[in-house]
Amino acid sequence: MGLLYALGAYLSWGLLVPVHFRLLDGVSPWVILAHRILWSGVFVLGLLWLLRRRRTRFVPGWRHALLAVSALVIAMNWSLYLWAVQNGRMLDASLGYFINPLVAVALGALFLGERLRPLQAAAVGIASLGVVIAVVAAGTFPWIALSLAVSFAVYALIRKLVPIDPILGFCAETFVLLPAALAYLTVFAPGSASLGVLDGRTVALLLLTGLTTSVPLMWFAAAAGRLKLSTLGLMQYLAPSCLLGLSVLVYGETLEPVRIAVFALTWVALALYAFDAVRPVRGPITPTPRRCPG
C-alpha cells in the first residue's frame, strides 16, 4: 500500500496540481496559498467527521510538537513554489524537485540509519549526475531549487518521525497555519481575496484547492509511514518527470537538450532502484545436514 499511496501523491503533484495552478494564473500566489490552507481545513474537518468511527484518538506528545515545524516547512515550500510559478521560474522549481530525492536519501542515511545496497547506490549516483548537469547548465547558484528540495525533504523526515494517523497529522498542520491564512484574507488582502469579488470559475478553482492540497499530502504522509525515506525520495522523480511531459506535450514548452539528458538519467536511475527494490533478496544458504550411514 505504501507504493500506491506514494504513486497517488506524486502523480497528483506532477499532473493534477500544475494544471490546477495554471488555471489560476491571474490570482496572487499569496491569495492562492491562503485559500489552500482555509479550504484544506474545511475539507479535513469534513473528512474527520465522516470517518469519526474509525478515527484514532489523538493524544498530544512531545513528538507531535514537530507537526508545528512541519506545518511551517510545508507552508514555506508551497509559498516558494507558487512564487516561482508566478514569476517565470518554473525551471528552478523543476530542478528543486529533481534535487529533492537526493536530499531525502541523505537525510535518511544521517537521521534514520538507512543504508543503500550497491545497485541502489549506483542509481543515486546516476541521478546525482543528472542534477549536476542541470545545475551546471543553469549557470547560477540555484537557491530556489535548493530551498524547495531541502524544505520538502525535511517535511518528509518529520512526517516519518512523528507516529500519527495521516489525516490527524494533516489536520494538526492545517490548524497551525489557519490563523495566519485567515488574517491574510481578512486584514491584509480583504478586497482582492474575497470570494464575493471574484468570478464563479475562479471561486470554484480556489475552493478546489482544499481537495487538491489535502488528498496528495495525506497520501504522502501514509506512504512516509510505510516506506523507507530513500525509496520515498527516489519516487519523487515521478512528479517533475510528469511536470516536464505536461509542459512539453500540453503547454508547448521547448525541451532543451540538457533537460532531455537530465530526464533520461533520472529514469535510468529510477529503473535501477525499482529493479533492486522488487528483486528477491537471497539470504545465506543453510547447508542440509547429511545422514550418517547405517
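Cut-offs applied
Residues numbered from 1 in each chain as written. Predicted model: local features only at pLDDT ≥ 70, side-chain atom pairs only at ≥ 80, totals over all residues. Heavy atoms only, no water. Helix = DSSP H or I, 4+ residues; strand = E, 2+ residues; numbered from the N terminus. Buried < 20%, exposed > 50% of the residue type's maximum accessible area, 1.4 Å probe, protein only. Contact = heavy atoms within 4.5 Å. Areas by Shrake-Rupley, 256 points an atom, 1.4 Å probe, with all protein chains shown as cover. Salt bridge = Lys/Arg side-chain N within 4 Å of Asp/Glu carboxyl O. Polar contact = N/O pair within 3.5 Å; in protein donor to acceptor, adjacent residues only side chain to side chain. Axes fitted to C-alpha atoms, helices over the stretch in contact; angles between N-to-C directions. Parallel < 35°, antiparallel > 145°, perpendicular 65-115°, else oblique. Left-handed = near helix turned anticlockwise from the far one by under 90°. Nonpolar A, V, L, I, M, F, W, Y, C, P; charged D, E, K, R; others polar. Phe/Tyr/Trp six-rings, centres within 6.5 Å; stacked < 30°, edge-to-face > 60°. Lys NZ or Arg CZ within 6 Å of the ring centre and 35° of its normal. Core = buried A, V, L, I, M, F, W, Y, C linked by side-chain atoms within 4.5 Å.

Asks: Looking at this model, I keep getting lost on the overall build of the chain. Mind explaining?
Replies: Scanning the chain from N- to C-terminus turns up 11 helices and zero strands. Along the chain, helices (α) and strands (β) appear in the sequence α-α-α-α-α-α-α-α-α-α-α when read from the amino end. Among the 294 residues that make up the chain, the fraction classed as buried is 47%. Looking at the chain alone, contacts between residues at least 24 apart form 88% of all its contacts between residues at least 6 apart. Surface exposure of the chain reaches about 15100 Å², of which carbon and sulfur atoms provide 69%.

Asks: Is there a simple way to think about the pattern of salt bridges in this case?
Replies: Side chains that differ in sign of charge can pair as their charged atoms come close. The full count for this structure, using the stated rule, is two salt bridges. In this structure, Asp25 and Arg22 form a salt bridge, with 3.5 Å as the shortest nitrogen-oxygen distance. Take Asp25: its relative accessible area is 39%, and that puts it in the partly exposed class. For Arg22, a relative accessible area of 36% puts it in the partly exposed group. The residue Arg159 makes a salt bridge to Glu173 at a minimum N-O spacing of 3.4 Å. Linking Arg159 in helix α6 (residues 143–161) with Glu173 in helix α7 (residues 166–188), this pair joins segments that are 14 residues apart in sequence. Overall, the relative accessible area of 5% leaves Arg159 in the buried class. Under the relative-accessibility criterion, Glu173 is labelled buried at 2%.

Asks: When you look at the side chain of Asn100 in this model, what are you seeing that I'm missing?
Replies: Among the structural elements, Asn100 can be located in helix α4 (residues 90–111). Here Ala149 takes part through its backbone oxygen, which lies 2.9 Å from a polar atom of the side chain of Asn100. Those residues in contact with Asn100, other than ones at most four positions away along the chain, are Ala149, Phe152, Ala153 and Gln236.

Asks: Explanation requested: the packing of helix α1 (residues 2–22) against helix α8 (residues 200–224) in the structure shown.
Replies: A packed helix pair is summarised by two numbers, namely the angle formed by the two axes and the spacing between the axes. Their axes nearest at 7 Å, the elements α1 and α8 cross at an angle of 155 degrees. Classed by the angle they form, the pair α1 and α8 counts as roughly antiparallel. As for the relative orientation of α1 and α8, their crossing is left-handed in sense. Packed against α1, whose contacting residues are Gly2, Tyr5, Ala6, Gly8, Ala9, Tyr10, Ser12, Trp13, Leu16, Val17 and His20, the element α8 presents Leu205, Leu208, Thr209, Thr212, Pro216, Leu217, Trp219, Phe220, Ala222 and Ala223 at the interface. A breakdown of the residues in the contact of α1 with α8 according to their chemical character gives 15 nonpolar, six polar and no charged.

Asks: Just to check I follow, could you spell out the packing of aromatic side chains for this structure?
Replies: The description of an aromatic ring pair uses the distance of the two centres, along with the angle that the planes make with each other. Taken as a whole and judged by the stated rule, the model has 10 aromatic pairs. In textbook terms, an aromatic cluster arises when at least three aromatic residues are bridged by ring pairs, as seen for Tyr10, Trp13, Phe152, Tyr155 and Phe220. Against the face of Trp78 rests Arg36, its NZ or CZ located 4.4 Å from the ring centre.

Asks: What am I meant to see in the packing of α4 against helix α10 (residues 238–249) here?
Replies: One can describe the packing of α4 onto α10 by two numbers: an axis separation of 8 Å at closest approach and a directional angle of 150 degrees. Classed by the angle they form, the pair α4 and α10 counts as roughly antiparallel. As for how α4 packs across α10, the hand of that crossing is left-handed. Residue-level inspection shows Met90, Ser94, Tyr97 and Phe98 of α4 in contact with α10, the latter providing Pro240, Ser241 and Leu243. For the contact of α4 with α10, the per-class residue count stands at five nonpolar, two polar and no charged.

Asks: Sorry if this is basic, but what is going on with the environment of Ala274 here?
Replies: Along the chain, the position of Ala274 falls in helix α11 (residues 257–278). Taking the relative accessible area as the measure of exposure, Ala274 reaches 39% and is therefore partly exposed. For the pair Ala274 and Leu119, spaced 155 residues apart in the sequence, the C-alpha separation amounts to 9.9 Å.

Asks: Is there a simple way to think about the nonpolar core in this case?
Replies: A general trend in soluble globular proteins is that nonpolar side chains are found buried together. Among the nonpolar cores identified, the biggest contains 81 residues, and Tyr10, Trp13, Phe220, Leu232 and Tyr237 are the most heavily contacted of them. In this structure, Trp13 is in contact with Pro18, Phe152, Pro216, Leu217, Phe220 and Ala239, ignoring residues within four places of it in sequence.

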